[in-house]
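Chain residues, written in single-letter form:
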Amino acid sequence: MGEGRRGVDELLQKLALRVRRRRKELGLSQEALALKAGLQRSHVGHVEQAKRDVRFSTLVKLAFALGIDLGELLKGIELTHPPDAR
């Protein structure tokens, strides 16, 4: 795995933790969050496990379903490794 990918994977891990924590704070199952966000439950599971890159539209849907704005969802999630230059 290259340095750039490691940076992206780190961001995905932080995002996964943020989504999972907020979902649990709200007492929602993955299925309930998926329904509120208009996503498949498996997609929410992949986001929470950092198994796939997340599209901007998915971030917007998740933030709305979690009752927070996009800025709050992403607050403090920063790269410590540079992204891949490719």
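Residues numbered from 1 in each chain as written. Predicted model: local features only at pLDDT ≥ 70, side-chain atom pairs only at ≥ 80, totals over all residues. Heavy atoms only, no water.

Thoughts on the overall build of the chain
Within the chain, the regular secondary structure consists of 5 helices and 0 strands. In the chain, the order of α-helices and β-strands from amino to carboxyl end is α-α-α-α-α. Summed over its atoms, the accessible surface of the chain is roughly 5600 Å², and 52% of this surface lies on carbon and sulfur atoms. (Helix = DSSP H or I, 4+ residues; strand = E, 2+ residues; numbered from the N terminus. Areas by Shrake-Rupley, 256 points an atom, 1.4 Å probe, with all protein chains shown as cover.)

Points about the confidence of the model for the chain
Any segment with low pLDDT has predicted coordinates that should not be analysed in fine detail. When pLDDT is averaged across the chain, the result is 89; 88% of the residues are at 70 or more. Helix 1 (residues 3–25) is the least confidently modelled element of the chain, averaging 88 in pLDDT, while helix 2 (residues 30–37) averages 98, the highest of any element. (pLDDT = per-residue confidence, 0-100.)

Looking at the pattern of salt bridges
Oppositely charged side chains can form a pair if their charged atoms are brought close together. Counted under the stated rule, the structure contains 3 salt bridges. Put simply, Arg22 and Glu25 hold a salt bridge, and the shortest N to O gap is 3.3 Å. Separated by 3 residues within a single helix, Arg22 and Glu25 lie in helix 1, roughly one turn from each other. Taking relative accessible area as the criterion, Arg22 reaches 22% and is therefore assigned partly exposed. Between Arg23 and Glu48 there is a salt bridge, with the nearest N and O atoms lying 2.5 Å from each other. You can see Arg23 sitting in helix 1 and its partner Glu48 sitting in helix 3 (residues 41–48), a full 25 residues away along the chain. (Salt bridge = Lys/Arg side-chain N within 4 Å of Asp/Glu carboxyl O. Buried < 20%, exposed > 50% of the residue type's maximum accessible area, 1.4 Å probe, protein only.)

Let's talk about the nonpolar core
In summary, soluble globular proteins display a tendency toward joint burial of nonpolar side chains. Ranked by size, the top nonpolar core spans 17 residues in total, and within it Leu15, Val19, Leu33, Val44, Leu62, Leu66 and Leu73 carry the most contacts. Elements represented by at least two residues in this core include exactly helix 1, helix 2, helix 3 and helix 4 (56–65). If you tally residues by element for this core, the top one is helix 4, at 4 residues. Not counting the four nearest positions on each side in its chain, Leu62 is found in contact with Val19, Leu33, Ala37, Leu39, Val44 and Val47. (Core = buried A, V, L, I, M, F, W, Y, C linked by side-chain atoms within 4.5 Å. Contact = heavy atoms within 4.5 Å.)

Here's the deal with helix 2
Those residues of helix 2 lying buried are Gln30, Leu33, Ala34 and Ala37. The arc that holds every buried residue of helix 2, seen down its axis, measures 100°, which confines them to one face. Away from its buried face by more than 90 degrees, helix 2 exposes Glu31, Leu35 and Lys36. Within two residues after helix 2, Gly38 carries a phi angle of roughly 75°, on the positive side. (Arc of directions from axis to C-beta.)

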